[in-house]
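Listed below are the residues making up each chain.
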Amino acid sequence: MNAMFRFIKRITSDFLNLLYPTPCLGCDSLLGDNEKFLCTTCRINLPETGQHFEPYDRNHLNKFAGKTPIQFLASYLYFTKGGIVQKLIHSIKYKDQKEAATEIAGWYGHQLKLESGQLNDIDVIIGVPLHSSRALQRGYNQADFIAAGLSKALNVITRTDILRRIEFKQSQTNKNRLERWENVKSVFAVSKPEMIKDLNVMLVDDVLTTGATLESCAVELINAGCKSVSILTLAVTK
Ligand SMILES: [Zn+2]
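The sections below set out a description of the structure shown in this document. (Residues numbered from 1 in each chain as written. Predicted model: local features only at pLDDT ≥ 70, side-chain atom pairs only at ≥ 80, totals over all residues. Heavy atoms only, no water.)

**So, the overall build of the protein**
For the protein, the helix and strand inventory stands at eight helices and seven strands. Classification of the 238 residues of the protein by burial places 43% in the buried group. Long-range contacts, defined here as pairs at least 24 residues apart, represent 76% of the contacts in the protein between residues at least 6 apart. Counting every atom, the protein has about 13300 Å² of accessible surface; 53% of that belongs to carbon and sulfur. (Helix = DSSP H or I, 4+ residues; strand = E, 2+ residues; numbered from the N terminus. Buried < 20%, exposed > 50% of the residue type's maximum accessible area, 1.4 Å probe, protein only. Contact = heavy atoms within 4.5 Å. Areas by Shrake-Rupley, 256 points an atom, 1.4 Å probe, with all protein chains shown as cover.)

So this is what it looks like as structure tokens:
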């Protein structure tokens, strides 16, 4: 009887694992019925920056100070080596977890809606485009999936046909820092400037590190005639 009980229990457990085999993207423990992408423990322990809180601290804009006028900048989470966020971003970028990008950006979007008045006038959300060879290889651009989550939560449209990345074949190896910067600066272009004219644009990416990529996108958008550029990222390096 005991053997039969153990057998049934094992079959039931195997069956449940078959039905719900999804591991947490932060710690690999199996997710419960009400958990999505992250277990409750990982979600509670997410290192949120709180950068969007009012009164808005303009020190966040230091990365862009004196170069490009950015209206508002905030990142959801702190990215640290070996931490949950690094694991999460890796899954989003390289392990096809694009829906996790949308879901988690949605969590952030709801917070922003409740806790920040800075984004009330945003007209359109645009993800930083991927190099097309990388997009082809990966099959998706994670920034577009982050944009989709924010779009739904903030009820603002998102567009993927405005900003594009120009292919550049020049090697970076023999260039000094300034030349490399110039090289990065030249790789984005706005396809349909009339679609963003006088609009408040929100630019979105996965991780903010030096800000060079985001800044070169912002410059193109501003030159194309948009009213303002704000930047949101899922994570920021400390
Ligand atoms: Zn977890």
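**What to know about the nonpolar core**
Judged by nonpolar contacts, the single largest core of 64 residues is most densely connected at L150, I196, L203 and L221. Apart from the residues within four sequence positions on either side, L221 is in contact with I126, L163, V190, I196, V201, L203, C226 and V229. (Core = buried A, V, L, I, M, F, W, Y, C linked by side-chain atoms within 4.5 Å.)

**Concerning a nonpolar patch on the surface**
Taken together, the side chains of M4, F7 and I8 define a hydrophobic patch exposed on the protein surface, amounting to about 310 Å² of accessible area. With respect to the helices, strands and loops of the structure, M4 is situated in helix 1 (residues 2–19). Residue class for M4 comes out partly exposed when judged on its relative accessible area of 49%. (Patch = residues over 30% accessible without salt bridge, like charges linked within 9 Å, V, L, I, M, F, W, Y side chains within 5 Å. Salt bridge = Lys/Arg side-chain N within 4 Å of Asp/Glu carboxyl O.)

**Focus on the pairing of strand 7 (residues 228–237)**
In terms of burial, strand 7 is largely enclosed, as nine of its 10 residues are buried. Here seven bridges tie strand 1 (residues 72–79) to strand 7, and the two strands are oriented parallel to one another. In the sheet register, F79 faces strand 7, and the bridge partner there is T237. Both strand 6 (residues 200–208) and strand 7 contribute to a ladder of eight bridges, which runs parallel. Of the residues in strand 7, the one forming a bridge with V204 is L232. In this region the chain leaves strand 6, passes through helix 8 (residues 212–223) and returns to the parallel neighbour strand 7; the handedness of that crossover is right-handed. (Pairing = 2+ DSSP bridges. Right-handed = clockwise from strand over helix to strand, strands pointing away.)

**As for helix 6 (residues 142–154)**
The end-to-end C-alpha distance of helix 6, which contains 13 residues, comes to 18 Å, matching closely the 18 Å that a straight helix rising 1.5 Å per residue would cover. Taken together, the buried positions of helix 6 are occupied by Q142, A143, I146, A147, G149, L150, S151, A153 and L154. One side-chain oxygen at the N-terminal end of helix 6 lies 3.0 Å from the backbone nitrogen of A143; it belongs to N141. Following helix 6 by one or two positions, N155 adopts a phi angle in the positive range, close to 60°. (Expected span 1.5 Å × (residues − 1). Polar contact = N/O pair within 3.5 Å; in protein donor to acceptor, adjacent residues only side chain to side chain.)

**Structural notes on the coordination of the zinc ion**
Each donor-metal-donor angle would ideally measure 109.5 degrees in four-coordinate tetrahedral geometry, or 90 or 180 degrees in six-coordinate octahedral geometry. The protein atoms that coordinate the zinc ion are C24 (SG), C27 (SG), C39 (SG) and C42 (SG), at distances spanning 2.3 to 2.4 Å. What the four donor atoms of the zinc ion show is an angle range of 105 to 115° at the metal, which sorts the shape as tetrahedral. The sequence pattern describing where the donors of the zinc ion fall on their chain is C-x2-C-x11-C-x2-C. A single burial state applies to C39 and to C42, both of which are buried. (Donors = N, O, S within 2.8 Å, 3.2 Å for Na, K, Ca; no water. Tetrahedral: all angles 85-135°; square planar, octahedral: opposite > 155°, others 65-115°.)

**Concerning unusual backbone geometry**
Of note, the amide linkage connecting E54 to P55 takes the cis form, showing an omega dihedral of -5°. Among the secondary structure elements, P55 is positioned in the loop between helix 2 (40–44) and strand 1. The phi dihedral of D96 falls on the positive side, at around 65°, and the residue is not glycine. Looking at the secondary structure, you find D96 in the loop between helix 3 (84–94) and helix 4 (98–115).

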